[in-house]
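# Geometric and topological summary
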Amino acid sequence: MLLRRELPADRPAVLRVIHDAFATDDTVPIEVGLTEKLFDDGYIPELSLVALDGDLIAGYVIGSRGFVGDIGAVGIGPLAVLPEYQGRGVGTALMFALVGAAEAVHERLLVLLGEPDYYGRFGFRAGSQVGVESPNPGWGTYFQALQLSDGPVNGTFRYAKPFDEL
Ligand SMILES: CC(C)(COP(=O)(O)OP(=O)(O)OC[C@H]1O[C@@H](n2cnc3c(N)ncnc32)[C@H](O)[C@@H]1OP(=O)(O)O)[C@@H](O)C(=O)NCCC(=O)NCCS
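Calculation rules
- Residues numbered from 1 in each chain as written.
- Predicted model: local features only at pLDDT ≥ 70, side-chain atom pairs only at ≥ 80, totals over all residues.
- Heavy atoms only, no water.
- Buried < 20%, exposed > 50% of the residue type's maximum accessible area, 1.4 Å probe, protein only.
- Helix = DSSP H or I, 4+ residues; strand = E, 2+ residues; numbered from the N terminus.
- Arc of directions from axis to C-beta.
- Contact = heavy atoms within 4.5 Å.
- Pairing = 2+ DSSP bridges.
- UniProt positions renumbered as here; feature names shortened; annotations may be inferred.
- Expected span 1.5 Å × (residues − 1).
- Core = buried A, V, L, I, M, F, W, Y, C linked by side-chain atoms within 4.5 Å.

### A short note on helix α2 (residues 30–40)
Within the span of α2, buried status applies to V32, L34, T35, L38 and F39. For α2, the angular spread of buried residues about the axis comes to 165°, placing them on one side. Facing away from the buried side of α2 by more than 90 degrees, the exposed set consists of I30 and D40. Buried residues in α2 make contact with α1 (11–22), β2 (43–53), β3 (56–68), β4 (71–81) and α5 (161–164). Following α2 by one or two positions, G42 adopts a phi angle in the positive range, close to 120°.

Okay, structure coming up:
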């Protein structure tokens, strides 16, 4: 499996992966519209990664520009893997690639909203444990953060604007 940056031509396939990963019924999952908006406002090209099986995009992850005060930080997500590829290490590969890419471009802080059991393996901890407060205290330990080598950054995280419109 090859991981590389997402290219504009990949977008229909990327949105399909997100749709299929999150769909629970006939309605379009909110993650599809969110990602489209992030492409217009907030996404970080270096942190928009696809996982390929041959020519097929099997997984996708996006990082977008958020802030702690006026310091840039990265909001991760959506992360999505096609249902038939789940449980085969694609999500893990995308997450490790994203953390490495973020280190390489000198990002200082990554945050996400997700299952602590899953994201703990990449080094994420509850935001409150590493000095990062959630924009929504109701998210509890689902709001997680990873301080990178150029960190730490401490304070309350603010997501890119499209997240406010959810
Ligand atoms: C969550 C997701 C991205 C994981 O990707 P994946 O390629 O299936 O995961 P991997 O194969 O790399 O890792 C599998 C491991 O993750 C665990 N895992 C997968 N989804 C999980 C979840 N929601 N909560 C806790 N653990 C989870 C599996 O139990 C497995 O654990 P193990 O290694 O201890 O056996 C993928 O299942 C997916 O797209 N799900 C639907 C969309 C979603 O929920 N996205 C994440 C929220 S933004």
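The discussion continues.
### Side note on the pairing of strand β8 (residues 143–147)
The element β8 is largely enclosed, with a buried count of four among its five residues. Strand direction decides the pairing type here: strand β5 (residues 109–113) and β8, joined by five bridges, are antiparallel. Paired with V111 across the two strands is A145, which belongs to β8. As paired elements, strand β6 (residues 125–126) and β8 share two bridges and run antiparallel to each other. By the bridge assignment for β8, A126 is matched with Q144.

### Overview of the UniProt feature "domain: N-acetyltransferase" (unreviewed entry) in the protein
In this structure's numbering, the residues bearing the UniProt feature "domain: N-acetyltransferase" (unreviewed entry) are residues 1–164. What you have in residues 1–164 is 28% helix and 35% strand, and the ends, taken at the C-alpha atoms, are 34 Å apart.

### Looking at helix α3 (residues 90–104)
Between its first and last C-alpha atoms α3 spans 21 Å; for 15 residues at 1.5 Å apiece the expected length is 21 Å, and the two agree. H106, located one to two residues past α3, shows a positive phi value of around 65°.

### Some thoughts on the nonpolar core
One finds I76, M95, L110 and F124 to be the most contacted residues of the largest nonpolar core, which totals 52 residues. Mapped by element, the contributors of at least two residues to this core are α1, α2, β2, β3, β4, α3, β5 and β8. Not counting residues up to four positions away in its chain, the partners in contact with L110 are V74, I76, L98, V99, A102, F124, Q144, A145, L146 and L148.

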